[in-house]
Amino acid sequence: MEKSLSIKVRNLSKSYGSFHAVKNVNLEIKKGELFCFLGPNGAGKTTTIKMMTGLLEPGIGEIEIAGTNIWKSPIEAKKKMAYIPDHPILYPKLSGREFLRFIGSVFQIDQDVFEERMEKYLSLFELSGRADELIESYSHGMKQKINLCGAFIRQPDVLFLDEPTVGLDPKGAKTLKNLLQSMCRQGMTVFMSTHILEIAEQMCDRVGIIKNGEIIAIGTMEELRQKEGKTQSSLEDLFLELTGDADTLHLIQELTDDDEKVEK
Ligand SMILES: Nc1ncnc2c1ncn2[C@@H]1O[C@H](COP(=O)(O)OP(=O)(O)OP(=O)(O)O)[C@@H](O)[C@H]1O
């Protein structure tokens, strides 16, 4: 694998019985890239991410994370990556800080470095005042934020996020965008999924569009916009289908406003 590649996926497929959920997906994501997997509900985003993170065995195909085959050397690959699922999986009887300390100990992060990072990310996601309360008392958005804090504290080489803005308030989504962009500038690679076009457009460098298990277009949003209406399988209808609704309007507006970037 070329040195600058952080994620390499070759001929990845997965079927459930006779249903082909993911069909021959090929991807190359460079180090430092903020890549977005955009597609409607049921397109195959979660299935692909689960195979890439070692949670779901591929039917066919090869996946390398930072040069390591996730299915041949899972422990080595998993040390280099973090994964935020669409539904946060947490320990409800731990407080937010206890959960983060657990992450810090599992991944053997130096104590001083850990404490500094923990307070920094809790503060950025406005959780400092609630971090000693039990996770079971948190809202969905707060659970999402504490999970994000856990991933950022680790500072992995590659970060996978499945629909990370679902449940976040506009300010939380903006904090996430700024952090991801700042960390990618410093070399982290991000692979995130969304079903909302504007989120992909506002947050990511490059976008892969998946529909019915197949990647149908890949490029910067500018490149994809140029293809809109010109290709046989017009992206126009799909773009309309993926456009955010009234519920996501405030979040998209917040992401669109350019202000000071959060530094790592
Ligand atoms: N365990 C399973 N058994 C059978 N079919 C499944 C299973 N898991 C997923 N599928 C099907 O595979 C397809 C892809 O699902 P997947 O969850 O990957 O889509 P998605 O793009 O993440 O969708 P969403 O945006 O709704 O989360 C869907 O049609 C889904 O019903």
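The structure this text deals with has already been given above.
Keep in mind the model is a prediction, meaning the values are calculated, not measured. (Residues numbered from 1 in each chain as written. Predicted model: local features only at pLDDT ≥ 70, side-chain atom pairs only at ≥ 80, totals over all residues.)

**Considering the sheet that holds strand 2 (residues 19-30)**
One open sheet holds the 4 strands; their spatial order is 2-1-4-5, and the pairing between them is antiparallel. Only two strands of the sheet have a single neighbouring strand rather than two, namely strand 2 and strand 5 (68-69). The sheet contact formed by strand 1 (residues 5-16) and strand 2 spans 8 bridges and is antiparallel. What sits directly across from Val-9, in strand 2, is Leu-27. (Pairing = 2+ DSSP bridges. Helix = DSSP H or I, 4+ residues; strand = E, 2+ residues; numbered from the N terminus.)

**Description of helix 6 (residues 170-185)**
Think of an α-helix as 3.6 residues a turn; residues three or four steps apart then line up on the same face. Between its first and last C-alpha atoms helix 6 spans 23 Å; for 16 residues at 1.5 Å apiece the expected length is 22 Å, and the two agree. When we look at burial in helix 6, the residues that qualify are Gly-172, Ala-173, Lys-174, Thr-175, Leu-176, Lys-177, Leu-179, Leu-180 and Met-183. Those residues of helix 6 hidden inside the fold are in contact with strand 3 (34-38), helix 4 (111-124), helix 5 (140-154), strand 8 (189-194), helix 7 (197-203) and helix 10 (249-256). Gly-187 lies just past helix 6 and shows a positive phi near 110°. (Expected span 1.5 Å × (residues − 1). Buried ≥ 20, exposed ≤ 12 C-beta atoms within 10 Å, placed from the backbone. Contact = placed C-beta atoms within 7 Å.)

**Examining the nonpolar core**
Counting residues in each nonpolar core, the largest one holds 70 residues, and the members touching the most others are Cys-36, Cys-149, Leu-159, Phe-160, Val-190 and Phe-191. Ranked by residue count, the leading element in this core is helix 5, at 7 residues. Contact partners of Cys-149, with chain neighbours within four places excluded, come to Leu-100, Tyr-121, Leu-122, Phe-125 and Leu-127. (Core = buried A, V, L, I, M, F, W, Y, C linked by C-beta atoms within 7 Å.)

**A look at the site of the ligand**
Near the ligand you find Tyr-16, Phe-19, Ala-21, Gly-39, Asn-41, Gly-42, Ala-43, Gly-44, Lys-45, Thr-46, Thr-47 and His-195, and these make up its full shell. Broken down by secondary-structure element, the contributors of at least two residues to the shell around the ligand are strand 2 and helix 1 (45-52). Residue contributions to the shell around the ligand peak at 3 residues, all from helix 1. Looking at the shell around the ligand, its residues break down into 4 nonpolar, 7 polar and 1 charged. (Near = placed C-beta within 6 Å. Nonpolar A, V, L, I, M, F, W, Y, C, P; charged D, E, K, R; others polar.)

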